[in-house]
Amino acid sequence: GSGFLALVVAIFQGYGDAGIWCWIVEDKVWLRFLCYYLPLLLVMTYNIIICLIIMRAVRDSSQEAMVNFRLRLYVLVFVFVRIWSILDRMQNVLGDSPVFPLALLHSIFSPMQGIANALVYGCNYQVVQQYRYCLRRRGEGFGEGSEDGALDPIESSTIAIS
């Protein structure tokens, strides 16, 4: 997938200065869209469809509200983080010169995909309990369970994280 697309860009000598950072050069716009934005839009569409299928599958279950919230949050974060790069690059193609606010939003939010995903997936009750447990037990070593009822890492490895 992505290795093949990176190879395609290299074959067409597409890497170089792209304004904000080193990427696919500005004179190879077709390569940007073929090897990055088209796959990105396809992945966005696929994620939305899969989320809708999962939402339908968990309808009327005890976890419906929580699952729907997480899925909506994931899609919202994914689209919010990526929309700025799409708008900026579309403006670069259609406009005469770059628009600073778009370039700024692009350069701020694009690198934040990882932390945004970590917040969406890592901020649930079980994971937060594990963080607390590990912070409290730091330096004490692992052994018996804690007095505050926090989950032991070994015991909790069998708990499904929701």
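Residues numbered from 1 in each chain as written. Predicted model: local features only at pLDDT ≥ 70, side-chain atom pairs only at ≥ 80, totals over all residues. Heavy atoms only, no water.

**Q** Break down the nonpolar core for me, with residues and values.
**A** Counting 23 residues, the largest nonpolar core has Leu31 and Leu40 as the members making the most contacts within it. Within the residue set of this core, elements represented by two or more residues are α1 (2–11), β2 (22–24), α2 (29–57), α3 (64–94) and α5 (113–122). When residues in this core are grouped by element, the largest group, eight residues, is from α3. (Core = buried A, V, L, I, M, F, W, Y, C linked by side-chain atoms within 4.5 Å. Buried < 20%, exposed > 50% of the residue type's maximum accessible area, 1.4 Å probe, protein only. Helix = DSSP H or I, 4+ residues; strand = E, 2+ residues; numbered from the N terminus.)

**Q** Tell me about the packing of α3 against helix α4 (residues 100–109), residues and numbers included.
**A** The interhelical angle for the contact between α3 and α4, taken along N-to-C directions, is 140°, at an axis separation of 8 Å. At the point where α3 passes α4, the crossing takes the left-handed sense. For the pair α3 and α4, contact is made by Phe80, Val81, Trp84, Ser85, Leu87, Asp88, Arg89 and Gln91 and by Leu102, Ala103, Leu105, His106 and Phe109, respectively. In the contact of α3 with α4, the residues fall into eight nonpolar, three polar and two charged. (Axes fitted to C-alpha atoms, helices over the stretch in contact; angles between N-to-C directions. Left-handed = near helix turned anticlockwise from the far one by under 90°. Contact = heavy atoms within 4.5 Å. Nonpolar A, V, L, I, M, F, W, Y, C, P; charged D, E, K, R; others polar.)

**Q** Residues and numbers for α5, please.
**A** Of all the residues in α5, the buried ones are Gln113, Ala116, Val120 and Gly122. Where the residues of α5 are buried, they touch α3, α4 and α6 (125–137).

**Q** Account for unusual backbone geometry, naming residues and giving values.
**A** One non-glycine residue with positive phi stands out, namely Gln13, at about 50°. Position of Gln13 relative to the elements: it lies in the loop between α1 and β1 (15–17). The class of Gln13 is exposed, set by a relative accessible area of 67%. A positive phi angle, close to 65°, is found at Asp60, a residue other than glycine. One can find Asp60 in the loop between α2 and α3.

**Q** Which residues make up the environment of Met44, and what values go with them?
**A** Among the secondary structure elements, Met44 is positioned in helix α2. Through-space distance from the C-alpha of Met44 to that of Arg82 is 9.4 Å; in sequence the pair is 38 residues apart. Not counting residues within four places of it along the chain, the set of residues in contact with Met44 comprises Phe78, Val79, Arg82 and Ile86.

**Q** Which residues make up α6, and what values go with them?
**A** Taking 1.5 Å of rise per residue, 13 residues should cover 18 Å, and α6 covers 18 Å from first to last C-alpha, within 8% of that figure. Within α6, the full set of buried residues consists of Gln126, Val127, Gln129, Gln130, Tyr133 and Arg137. Viewed end-on, α6 has its buried residues packed into an arc of 155°, placing them on one side of the element. Of the residues in α6, the exposed ones pointing more than 90 degrees away from the buried face are Tyr125 and Leu135. (Expected span 1.5 Å × (residues − 1). Arc of directions from axis to C-beta.)

**Q** Report on the environment of Tyr15, specifying residues and quantitative values.
**A** Tracing the backbone shows Tyr15 in strand β1. The exposure class of Tyr15 is partly exposed, given its relative accessible area of 44%. Look past the residues within four positions of Tyr15 in its chain and what remains in contact with it is Ala6, Val9, Ala10, Trp23 and Val25.

**Q** Quick one: what's the story with a nonpolar patch on the surface, residue by residue and with numbers?
**A** Taken together, Leu7, Ile11, Phe12, Trp30, Leu34, Leu38 and Leu42 make up a surface patch of nonpolar side chains, about 720 Å² in accessible area. If you list the elements that add at least two residues to the nonpolar patch, you get α1 and α2. The element contributing the most residues to the nonpolar patch is α2, with four residues. The topology assignment puts Leu38 in helix α2. (Patch = residues over 30% accessible without salt bridge, like charges linked within 9 Å, V, L, I, M, F, W, Y side chains within 5 Å. Areas by Shrake-Rupley, 256 points an atom, 1.4 Å probe, with all protein chains shown as cover. Salt bridge = Lys/Arg side-chain N within 4 Å of Asp/Glu carboxyl O.)

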